[in-house]
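Here is how the chains run, residue by residue.
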Amino acid sequence: MTRSRLLAIIVFLMTGMIVVFPEVAFQASLEGLQLWFEIVLPTLLPFFIMVDLLMGLGVVHFLGALLEPIMRPLFRLPGVGGVAVAMGLVAGYPMGAKVTGELARSKSITQVEAERLMSFANTAGPLFLVGAVGVGMFGRPELGVTLLIAHYAGAVFVGLCMRLHKGPESSGEHIKSSYLGRALDAMDKARRADGRSFGLLFGDAIRSTFHALLFIGGCIMMFSVLASVLSSTGVLYPLKTVLAFLLNLFGLDGSLASALVKGFFETTLGTQTVAQNATSLGAGAAAASFILGWSGLSVHMQVAAMLSGTKVGFKPYIQARLLHGLFSAIIAALLLGPMSFIPASLKNNMTVVS
């Protein structure tokens, strides 16, 4: 069977499931829309607009020249990659992927460098990690800080691992001018290459931002619907059963299997289910960290859209997501300590016995 025929069958079956479970699909779609409108849109819109303006005005290239001595030896990336990392850390996904796509399309970085960069620059934002997950879902602000440290440290480790991803690299510029002068020259060169007036640049930034955010909203709603409908049909039950068995086999919390399956599709659904079902703080934090590192198929589709018009391969990104999930889960577990994996009920029994 060809790939196109297989995709046609899958889409047909998914459509049938939505028709059979219209109430579930409607409620999931409504929840996805609310998430996009109340959190994603107001959070990302100003950042998206400002990134387009900074690219057109050459400021990104200015910062890139300043960051060159850091990014090149650590991650084998040109300095402009540091802007993608910084914006991704501050604004959350898919901001890092958007900046990476812009840099790849403008030929500021090579294809291989873009594959390295998008693998660790596209992270969850601090507002989501601390506010939405730590406070809103778990009711523990201090846990949000733990998740943030684990998530960002995991991203750094992924970036170091991606140094091994071989391929053509852009050469560093060796200009005899001063450090600051070199950065200013890079900004002026980029501004002249763009050539648009500020009015036209601003209008283009608004239009492209809303186009990108509408797509992001569609991805969140669609994958929220798919996860909920599949769960209602019972199709995912065997997978949850096997995953729960494996978790119990390794001494982990089997009740988190449902959360991990949901997190495979959509990050918010997964982390919310973890907060509701986790029987111990450590297991819940590790599972949430893994889901946040993986980031879900919804975010993966957003990343694919941000990279449209480039020849950047997607396989390194998927591999890096798995690495990020594993690194983040391990770091979160180490930060909280082994005892945090023991459920509260068992701890009480241990106290009584002693």
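Cut-offs and rules
- Residues numbered from 1 in each chain as written.
- Predicted model: local features only at pLDDT ≥ 70, side-chain atom pairs only at ≥ 80, totals over all residues.
- Heavy atoms only, no water.
- Salt bridge = Lys/Arg side-chain N within 4 Å of Asp/Glu carboxyl O.
- Helix = DSSP H or I, 4+ residues; strand = E, 2+ residues; numbered from the N terminus.
- Buried < 20%, exposed > 50% of the residue type's maximum accessible area, 1.4 Å probe, protein only.
- 1 Å grid on protein atoms, 1.4 Å probe; cavity = no way out; pocket = protein on both sides within 12 Å on 5 of 7 lines; lining within 4 Å.
- Points joined across faces, edges and corners; volume = space filled by probe spheres on them.
- Nonpolar A, V, L, I, M, F, W, Y, C, P; charged D, E, K, R; others polar.
- Contact = heavy atoms within 4.5 Å.
- Phe/Tyr/Trp six-rings, centres within 6.5 Å; stacked < 30°, edge-to-face > 60°.
- pLDDT = per-residue confidence, 0-100.
- Polar contact = N/O pair within 3.5 Å; in protein donor to acceptor, adjacent residues only side chain to side chain.
- Axes fitted to C-alpha atoms, helices over the stretch in contact; angles between N-to-C directions.
- Parallel < 35°, antiparallel > 145°, perpendicular 65-115°, else oblique.
- Left-handed = near helix turned anticlockwise from the far one by under 90°.
- Core = buried A, V, L, I, M, F, W, Y, C linked by side-chain atoms within 4.5 Å.

Caption draft 1: Focus on the pattern of salt bridges. Inspection of the entire model under this criterion finds nine salt bridges. In this structure, Arg105 engages Glu102 in a salt bridge whose closest nitrogen and oxygen atoms are separated by 3.8 Å. Of this pair, Arg105 and Glu102 both sit in helix H5 (residues 95-105), separated by three residues, roughly a single helical turn. For Glu102, a relative accessible area of 21% gives the class partly exposed. Between Glu142 and Arg140 there is a salt bridge, and its shortest N-O distance comes to 3.5 Å. Of the residues examined, Glu142 reaches a relative accessible area of 47% and is grouped as partly exposed. Here Arg140 falls in the partly exposed class, since its relative accessible area comes to 35%. When salt bridges that share partners are traced, they join Arg191, Asp194, Arg196, Asp204 and Arg207 into one network.

Caption draft 2: Main features of the layout of surface pockets. In this model, the largest pocket occupies a volume close to 860 Å³. Surrounding the largest pocket, 33 residues form its lining, His61, Val80, Ser106, Ser108 and Ala190 being those nearest its centre. Only helix H2 (22-57), helix H3 (59-75), H5, helix H9 (179-194) and helix H10 (198-233) provide two or more residues apiece to the lining of the largest pocket. Considering every element that reaches the lining of the largest pocket, the biggest residue donor is H9, with seven residues. Here the residues of the lining of the largest pocket sort into 10 nonpolar, 10 polar and 13 charged. If you add up the space inside the second largest pocket, you get close to 570 Å³.

Caption draft 3: Expanded view of the side chain of Thr268. Within the secondary structure, Thr268 sits in helix H13 (residues 267-277). With near-sequence residues (within four places) excluded, Thr268 lies in contact with Leu35, Phe128 and Met137.

Caption draft 4: Representation of the packing of aromatic side chains within the structure. One pass over the full model with this rule turns up six aromatic pairs. Cluster of aromatic residues (ring-pair linked, three or more members): Phe264, Phe265 and Trp294.

Caption draft 5: Just the confidence of the model for the chain, in detail. Chain-level statistics for the chain give a pLDDT mean of 85 and a share of 94% at 70 or above. The lowest-confidence element of the chain is helix H17 (residues 344-353), averaging 48 in pLDDT; the highest-confidence one is helix H16 (residues 315-336), averaging 94. Note that residues 350-354 has pLDDT below 50 and, in this model, one contact with residues that lie over four places away or in other chains.

Caption draft 6: Layout of H13. Turning to H13, its buried residues are Thr267, Thr268, Leu269, Gly270, Thr271, Thr273 and Val274. Two to three positions downstream of the cap, the backbone nitrogen of Thr268 sits 2.9 Å from a side-chain oxygen, assigning the N-cap of H13 to Glu266.

Caption draft 7: Structural detail: H5. Burial analysis of H5 places nine of its 11 residues in the buried class, the great majority of the element. Considering only its buried residues, H5 is in contact with H2, H3, helix H4 (80-91), helix H6 (111-121) and helix H15 (296-306). Where H5 ends, the next residue or the one after it, Lys107, has phi of about 65°, a positive value.

Caption draft 8: Just the packing of H2 against H4, in detail. Running from N to C, H2 and H4 cross one another at 160°; their axes reach a closest spacing of 11 Å. One way to sum up the angle between H2 and H4 is to call them roughly antiparallel. The way H2 lies across H4 gives a crossing that is right-handed. The segment H2 lies against H4, with Thr43, Leu44, Phe47 and Val51 engaging Met87, Val90 and Ala91. Residues of the contact of H2 with H4, tallied by class, amount to six nonpolar, one polar and no charged.

Caption draft 9: Structural detail: the packing of helix H8 (residues 141-161) against H16. Two elements in contact, H8 and H16, have axes separated by 8 Å at closest approach and are oriented at 135°. Here H8 lies oblique to H16, going by the angle between them. You can see that H8 and H16 cross each other, and the crossing is right-handed. Of H16, the residues touching H8 (which contributes Leu143, Thr146, Ile149, Ala150, His151, Ala153, Gly154, Ala155, Phe157, Val158 and Cys161) are Ala320, Leu323, His324, Phe327, Ser328, Ile331, Ala332, Leu335 and Leu336.

Caption draft 10: Focus on the nonpolar core. If you look at the biggest cluster of nonpolar residues, it comprises 71 residues, and the most contacted ones within it are Phe48, Leu103, Leu117, Phe120, Leu213, Ile216 and Val274. Broken down by element, the residue count for this core peaks at 11 residues, all from H2. With near-sequence residues (within four places) excluded, Ile216 lies in contact with Trp36, Val40, Leu44, Phe48, Pro94 and Gln302. Counting 14 residues, the second largest nonpolar core, distinct from the first, contains Ala28, Val229, Leu236 and Val261.

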